[in-house]
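What follows is each chain in one-letter form.
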Amino acid sequence: MKTRSALTAALVLGLILTPALPVQAQAAVKKGGTLEAAWTQEPASLDPDVSSAYSSFQILENVLDTLVTLNTRGNIIPSLATSWKTSADGKTWTFTLRPGVKFSNGRAMTAADVVYSLNRLRDPKTGSGNAYHLSGVTSVTAPNAHTVVLTLKEARTNILGDLTSKSTGVFAREGVANKTIATAPIGTGPFRITSYQPGVGVKLARNPYYWQAGLPYLDGIDIRVIPDEGVRRSSLVSGDVDWVMAVPPQDIPTLKKNPKLVVDSVPAFAYWYIGVNTRRKPLDQKPVRQAIAEAINRDQIVQGAMFGQAVVNQGPIPANNAFAQRYSPYTGSLDKARALLAAGRVPQGFETSIMVTTQYPETVRIAQILQAQLAALGIKASIRTLEWAQWLEEEGKGNYDLFVLNWNAMVDPGDYFYAQHRTGQGFNFTGYSNPTLDKLLDAARFSTNDAQRKALYAQINKIVVDDAPYIYLFNPYNVNAYSTAVKGYAARPDQAINFTRTWLNR
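Residues numbered from 1 in each chain as written. Predicted model: local features only at pLDDT ≥ 70, side-chain atom pairs only at ≥ 80, totals over all residues. Heavy atoms only, no water.

Draft legend 1. Examining the overall build of the protein chain more closely. Check the secondary structure of the protein chain and you find 15 helices and 21 strands. The C-alpha atoms of the protein chain give 23 Å as radius of gyration, which agrees with the globular expectation for 506 residues (23 Å, within 12%). In terms of principal-axis extent, the alpha carbons of the protein chain reach across some 70 × 60 × 40 Å. Taking all 506 residues of the protein chain together, 59% fall into the buried category. The long-range share in the protein chain, meaning contacts at least 24 apart out of those at least 6 apart in sequence, stands at 71%. Accessible surface for the protein chain amounts to roughly 19,000 Å². Of this, 52% is attributable to carbon and sulfur atoms. Positive and negative charge centroids in the protein chain, built from 51 and 39 side chains respectively, lie 5 Å apart. (Helix = DSSP H or I, 4+ residues; strand = E, 2+ residues; numbered from the N terminus. Rg over C-alpha atoms; globule rule 2.2 N^0.38 Å. Buried < 20%, exposed > 50% of the residue type's maximum accessible area, 1.4 Å probe, protein only. Contact = heavy atoms within 4.5 Å. Areas by Shrake-Rupley, 256 points an atom, 1.4 Å probe, with all protein chains shown as cover. Lys, Arg positive; Asp, Glu negative; His and termini not counted. Charge placed at Lys NZ, Arg CZ, Asp CG, Glu CD.)

Draft legend 2. Representation of the UniProt feature "domain: Solute-binding protein family" (unreviewed entry) in the protein chain. On the UniProt side, "domain: Solute-binding protein family" (unreviewed entry) is annotated at positions that read residues 76–427 here. In residues 76–427, helix accounts for 26% and strand for 24%; the two terminal C-alpha atoms are 25 Å from one another. (UniProt positions renumbered as here; feature names shortened; annotations may be inferred.)

Draft legend 3. A look at the side chain of Ser-56. Assignment of secondary structure puts Ser-56 in helix α2 (residues 54–60). Under the relative-accessibility criterion, Ser-56 is labelled buried at 0%. Here the side chain of Ser-56 touches Ser-45 through a polar contact of 2.7 Å, landing on its backbone oxygen. Look past the residues within four positions of Ser-56 in its chain and what remains in contact with it is Pro-43, Ala-44, Ser-45, Leu-46 and Ser-51. (Polar contact = N/O pair within 3.5 Å; in protein donor to acceptor, adjacent residues only side chain to side chain.)

Draft legend 4. Seen up close, helix α14 (residues 435–446). The end-to-end C-alpha distance of α14, which contains 12 residues, comes to 17 Å, matching closely the 16 Å that a straight helix rising 1.5 Å per residue would cover. Residues of α14 that are buried include every one of Leu-437, Asp-438, Leu-440, Leu-441, Ala-444, Arg-445 and Phe-446, and no others. Its side-chain oxygen 3.0 Å from the backbone nitrogen of Thr-436, Asn-434 forms the N-cap of α14. (Expected span 1.5 Å × (residues − 1).)

Draft legend 5. Spotlight on the packing of helix α9 (residues 298–306) against helix α11 (residues 361–375). In contact at an axis separation of 9 Å, α9 and α11 are set at 140° when each is read in the N-to-C sense. By the angle between their directions, the pair α9 and α11 is classed as oblique. When you trace α9 past α11, the crossing you get is right-handed. Counted together, Gln-300, Ile-301, Gly-304, Ala-305 and Met-306 of α9 and Glu-362, Arg-365, Ile-366, Ile-369, Leu-370 and Gln-373 of α11 form the full contact between these two elements. Looking at the contact of α9 with α11 residue by residue, the classes come out as six nonpolar, three polar and two charged. (Axes fitted to C-alpha atoms, helices over the stretch in contact; angles between N-to-C directions. Parallel < 35°, antiparallel > 145°, perpendicular 65-115°, else oblique. Left-handed = near helix turned anticlockwise from the far one by under 90°. Nonpolar A, V, L, I, M, F, W, Y, C, P; charged D, E, K, R; others polar.)

Draft legend 6. Structural view of the nonpolar core. Ile-366, Phe-417, Ile-460 and Phe-474 are the most contacted members of the largest nonpolar core, which has 72 residues in total. For this core, the leading source of residues is helix α15 (residues 450–467), giving six residues. With residues up to four places along the chain from it excluded, the contact list for Phe-474 reads Tyr-271, Trp-272, Ile-301, Val-302, Met-306, Ala-310, Val-311, Val-312, Asn-313 and Ile-366. Listed in part, the 31 residues of the second largest apolar core include Leu-67, Ile-76, Phe-95 and Leu-163. (Core = buried A, V, L, I, M, F, W, Y, C linked by side-chain atoms within 4.5 Å.)

Draft legend 7. Quick look at the environment of Asn-207. By secondary structure assignment, the location of Asn-207 is in the loop between β10 (201–206) and β11 (220–225). Judged by relative accessible area, Asn-207 falls into the buried class, the value being 1%. Setting aside its immediate chain neighbours within four residues, Asn-207 contacts Lys-102, Ser-104, Gly-187, Thr-188, Gly-189, Pro-190, Phe-191 and Arg-192.

Draft legend 8. Inspection of the packing of aromatic side chains at higher detail. Within this structure, the stated rule accounts for 25 aromatic pairs. Members of the aromatic cluster, connected to one another through ring pairs, are Tyr-271, Tyr-273, Tyr-360, Trp-388, Trp-391, Tyr-400, Phe-403, Tyr-416, Tyr-470 and Tyr-472. In this structure, Arg-445 is placed above the aromatic ring of Tyr-418, and the distance from its NZ or CZ to the ring centre is 4.4 Å. (Phe/Tyr/Trp six-rings, centres within 6.5 Å; stacked < 30°, edge-to-face > 60°. Lys NZ or Arg CZ within 6 Å of the ring centre and 35° of its normal.)

Draft legend 9. Quick look at the pattern of salt bridges. Evaluated as defined, the whole model comprises 24 salt bridges. Among the salt bridges present, the one from Asp-467 reaches Lys-286, with a minimum N-O distance of 3.1 Å. Of this pair, Asp-467 sits in helix α15 while Lys-286 sits in helix α8 (residues 286–295); the two residues are 181 residues apart in sequence, bridging distant segments of the chain. We classify Lys-286 as partly exposed; its relative accessible area is 36%. Glu-394 serves as the salt-bridge partner of Arg-384, at 2.3 Å between the closest nitrogen and oxygen. With Arg-384 in strand β17 (residues 380–386) and Glu-394 in helix α12 (residues 388–397), this pair connects stretches of sequence that are 10 residues apart. (Salt bridge = Lys/Arg side-chain N within 4 Å of Asp/Glu carboxyl O.)

Draft legend 10. The arrangement of the pairing of strand β6 (residues 92–97) in detail. Pairing of strand β5 (residues 81–86) with β6 involves five bridges; the strand directions are antiparallel. Considered in β6, the bridge of Ala-81 is made with Leu-97. Hairpin geometry of β5 and β6 is characterised by an intervening segment of five residues between the two adjacent antiparallel strands and by a positive phi of about 75° at Gly-90. Sheet analysis places β6 next to strand β8 (residues 147–152), joined by five bridges and oriented antiparallel. Note that in β8 the partner of Thr-94 across the bridge is Val-149. (Pairing = 2+ DSSP bridges.)

Draft legend 11. Representation of the environment of Met-109 in the model. Position of Met-109 among the secondary structure elements: in the loop between β6 and α3 (111–122). Take Met-109: its relative accessible area is 8%, and that puts it in the buried class. A sequence separation of 266 residues divides Met-109 from Ala-375, and the C-alpha atoms of the two residues are 58 Å apart. Not counting residues up to four positions away in its chain, the partners in contact with Met-109 are Leu-80, Leu-97, Val-101, Lys-102, Phe-103, Val-114, Val-170 and Thr-188.

Draft legend 12. Seen up close, unusual backbone geometry. That bond from Leu-215 to Pro-216 is cis: its omega, -5°, falls within 30 degrees of zero. Lys-281 connects to Pro-282 through a cis peptide bond whose omega is -5°. Looking at the secondary structure, you find Pro-282 in the loop between β14 (271–276) and α8. Of note, the phi angle at Ala-468 is positive, near 60°, even though the residue is not glycine. Within the element layout of this structure, Ala-468 appears in the loop between α15 and β19 (470–483). Relative accessible area serves as the criterion here: at 0%, Ala-468 is assigned to the buried category. Even without a glycine there, the phi angle at Gln-495 is positive, about 65°. With respect to the secondary-structure elements, Gln-495 resides in the loop between β20 (486–487) and β21 (503–504). Taking relative accessible area as the criterion, Gln-495 reaches 8% and is therefore assigned buried.

Have a look at this one:
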């Protein structure tokens, strides 16, 4: 048996290019009080095995713990597991659990709870789109109350990155039995859910059984859902809320000059893209998709839709990741784009639609710019604006031509490609299928050789950029804003929102 340290794991995952985050000057910590926080969107469900909405996971960040987690720099560190070992063949991972951990209902957490939680995620009956995090895992067992063993079909080092996902969070099974798992899952995290009102918000209270002594500092968190970015901004400036998930990017320069506010920004492990329905004509033609990728002006989109709060990219992986690629084949040439349209047998252009949601105002702004850019190519794009729930339903049914959205909190390089583009995966909504890519994705996922993985992901990135089921646009910044009274908080590249060490200086 050999032991992998957290640092070794981080090196394997290639995540240590992120610079140190700024540290706020710390006064004496004041305990108590309720943080008034504004979320940008409604959590779709709080069941970690069912939800695919990151707004849900950003709440669960404060409620559920995982075996391992990420620190503010994106490195893997212990959480419910204090240490872990791999077998010589890399197929068996043994985790030693932290002693004395209790759920927020006061019941002791054991290895059996970890086994139950992970097996529920793996169970096809659960129907979780996040089950890919445990792909290749053939069994999860508990040889004793303090040890959990994962057995894999093939060795893969990125299993640690997958185990940082809140979809692998450990919860009390009684919440499944009494059917409260979707509204108030019982975890071991710093807070417990006391109220969930759809369309209104979520209230959290301090977990009195939390395993980190003296934490959290806050008595509670009142999370309000405020989708309108203007209202969210006004609520922050007026002091109606203490902290907001995001502010209008066009207002950031002004907000930075406000002495009562902190605008906290860091390059995010995330990307924005155009999703292309490869089952619909003429988008089923690769040259047509390439024509769109060629014709669009990404700089204009970043400036017009994000007000400069992003970095243009033709691939998904941001520059602060060791697996970032520089492959950028699209030059913005309309002549080249017209030739590609001709190759796709639609030389005069065609009519199409772009599906967006009011839940994310950025999608509307991006679509408006795309509409103008594509018109120069003879592509008449209408904008189809939907509520978030309907948007998700239409995406799931494949009822769209093009859509604009983002992926967040990517940890391992495989996160940028596997679930989205592997044939038959739960989040492959574009219908894209490429057997060659599938083989490369599997090989990269199970490789334990870092140099080999880098070479494989370079091939994968080139194929996806060339085939264009996703047309990549940019990597955003993660921007949180809050009152200067909020201490012990920092925006993170993985976009996790963690209030464990947050306190109020008032």
